[in-house]
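Next come the chains, spelled out residue by residue.
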Amino acid sequence: MTPTSAGCAHTLAAPEPLPSLWHDPPASARSPVAERPSRRRPARRRPVVGDVLAAAAGIGLGITVALAVTAESTGSLGAAGGIATALGRLAGLLAAYAMVVVVLLVARVPPLERAIGQDRLVAWHRRLGPWPLYLLLGHAVLITVGYAQQAHDGVLHEFGQLLLTYPGILAATAGSLLLFAAGITSYRLARRRMAYETWWSVHLYTYLALFLSFSHQIDTGAAFVGHPVARLWWTALWAGTLGVVVAARVGLPVWRSLRHRVRVVGVTPEGPGVVSILMRGRRLDRLPVAGGQFFQWRFLRRGLWWQAHPYSLSAAPAGDLLRITVKDLGDHSAALARMKPGTRVGIEGPYGTFTADIAQREKLLLVGAGVGTAPILALLQELPGQADVTVLLRASTHRDLVLADDVGAAVRRRGGRLVELVGSRDQVRLDAEALREVVPDVRAREVFLCGPDALSTGLASELRRAGVPPSHIHFESFTF
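Since this is a predicted model, take the numbers as computed values, not measurements. (Residues numbered from 1 in each chain as written. Predicted model: local features only at pLDDT ≥ 70, side-chain atom pairs only at ≥ 80, totals over all residues. Heavy atoms only, no water.)

(A) Spatial organisation of the overall build of the chain. Within the chain, the regular secondary structure consists of 16 helices and 12 strands. The buried share of the chain, taken over its 480 residues, is 50%. Within the chain, counting contacts between residues at least 6 apart in sequence, those at least 24 apart form 77% of the total. Accessible area for the chain stands at about 22200 Å²; split by element, carbon and sulfur atoms hold 63% of it. (Helix = DSSP H or I, 4+ residues; strand = E, 2+ residues; numbered from the N terminus. Buried < 20%, exposed > 50% of the residue type's maximum accessible area, 1.4 Å probe, protein only. Contact = heavy atoms within 4.5 Å. Areas by Shrake-Rupley, 256 points an atom, 1.4 Å probe, with all protein chains shown as cover.)

This is the structure:
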């Protein structure tokens, strides 16, 4: 799910269902679509990838602290400014290690992403993201104070001396400013006021900032000067991180794009400001993709080639075809409506755990809101035949029921139930009581949600109130 092709469903709330707005559409109201073969994967065992990597991160943290501790001596700690300097060095090492962890969380490493899910990894990234900045600020303040005490000088004067006369400090300061710029633009208030492209461009400078930080530490850090084993460990850690990022973010996408040679074959209007883009590639049966997942798509035409955007599949992968459904929410998504057949497409992914193989029950409730219906349809097409499915589609008007014909056909084929919730939020509210009325056995169902983020979290809360266990509520959130 993505900010432009999905979000995840929501809370609406009204005491009584209105028959004219809340109904099961007749079979004749939906046109059939081509049958798609089931591609259900075997149920996944509890992944150990997350546990292994958490243990590795803990070991790395211990080694990092040990580097800082062993670099100090009783004499250095007892000297003027010794304590502040030692704490500053520790803060610097911890900041650098935290930056490595934060970068790896969003490196889109396939085993990690598949085991945990990109939305959870991004959430961890955001939660941990401020800490390197706090530690970096603490490093600068403590080192300056410690050096000023050692030189019996003023703090501001010592800061100027460090900046202008010590090797690598000016470059490290520039790197720190770049990191703070990336951090500030990641706060929700800032993100709301900038385009995705601007935010993405600012974050590219993070890699330059990391390079400058590494150079500063390895050349002047007390833990590394004269300690070849420590230098080898630190260099291996950073080089390994660079290798993982390049392989996952550049190497694998380039290889898959060249191998599968995806091209646009058609663009179809689906509703007001909504289009579906059909693409064809080769050997797509060897692409490890499932309905409900998304790719980062890079359309190789003028004005679009330099940026990739996330869009969910809006149909289960079939043969040599892939399809996405996109709503006009900005310059990039608007340009896709004018895409010409034959346009080459670079792909990065697939990503996401919003797939049929995580279902633990045979009774399912699928909820799609607006263009969030797209991944719901792809997921629906890959569920096993014995699944007992109820689908809720939410929209303000009937014209906004995206892909309703395809969803209706898929539901009819499996003998499920489709309910359309059409109307304003004041007219059609969907709280716990309303959920129990429209889906009487909701407590016995496993729920998949897809729609705008605020609505997803709200509806998840109402489902819990209606008696659905949290472990049986699935949705993914991807806002930049």
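(B) Highlighting the side chain of H139. Along the polypeptide, H139 turns up in helix α6 (residues 130-151). Separated by 2.6 Å, the side chain of H139 and the backbone oxygen of G88 make a polar contact. Once residues within four sequence positions are removed from consideration, H139 is found in contact with G88, R89, A91, G92 and H216. (Polar contact = N/O pair within 3.5 Å; in protein donor to acceptor, adjacent residues only side chain to side chain.)

(C) Seen up close, unusual backbone geometry. Here the amide bond leading from G349 into P350 is cis, since omega sits at 10°, within 30 degrees of zero. Note that P350 resides in strand β7 (residues 344-351). The backbone phi angle of H152 is positive, close to 55°, even though this residue is not glycine. Looking at where H152 falls in the secondary structure, it is placed in the loop between α6 and α7 (155-165).

(D) Layout of the environment of L449. Looking at where L449 falls in the secondary structure, it is placed in strand β11 (residues 446-450). Spatially, the C-alpha atoms of L449 and A369 are 8.4 Å apart, while their sequence positions differ by 80 residues.

(E) Local environment of the packing of helix α5 (residues 118-128) against α6. Across the interface, α5 lies against α6 with an axial gap of 5 Å and an inter-helix angle of 20°. Compared by their axis directions, α5 and α6 come out roughly parallel. Contacts from R126, R127 and L128 in α5 reach P130, W131 and P132 in α6. Across the contact of α5 with α6, the residue classes tally to 4 nonpolar, no polar and 2 charged. (Axes fitted to C-alpha atoms, helices over the stretch in contact; angles between N-to-C directions. Parallel < 35°, antiparallel > 145°, perpendicular 65-115°, else oblique. Nonpolar A, V, L, I, M, F, W, Y, C, P; charged D, E, K, R; others polar.)

(F) Structural view of a positive patch on the surface. Among the surface-exposed residues, R261, R263, R282, R283, R286 and R344 lie close enough to one another that they form a single positively charged patch. Among the secondary structure elements, R286 is positioned in the loop between β3 (274-280) and β4 (294-299). (Patch = residues over 30% accessible without salt bridge, like charges linked within 9 Å, V, L, I, M, F, W, Y side chains within 5 Å. Salt bridge = Lys/Arg side-chain N within 4 Å of Asp/Glu carboxyl O. Lys, Arg positive; Asp, Glu negative; His and termini not counted. Charge placed at Lys NZ, Arg CZ, Asp CG, Glu CD.)

(G) Looking closely at the sheet that holds strand β6 (residues 321-327). A sheet is described by the order of its strands in space; here 6 strands give the open sequence β5-β4-β7-β2-β3-β6, paired in antiparallel fashion. In this open sheet, the two edge strands, each paired with only one partner strand, are β5 (309-312) and β6. Along the sheet, successive strands turn relative to each other by an average axial angle of 40°, direction set aside. The sheet contact formed by strand β2 (residues 262-271) and β7 spans 2 bridges and is antiparallel. The partner of V262 across the bridge, within β7, is V345. (Pairing = 2+ DSSP bridges.)

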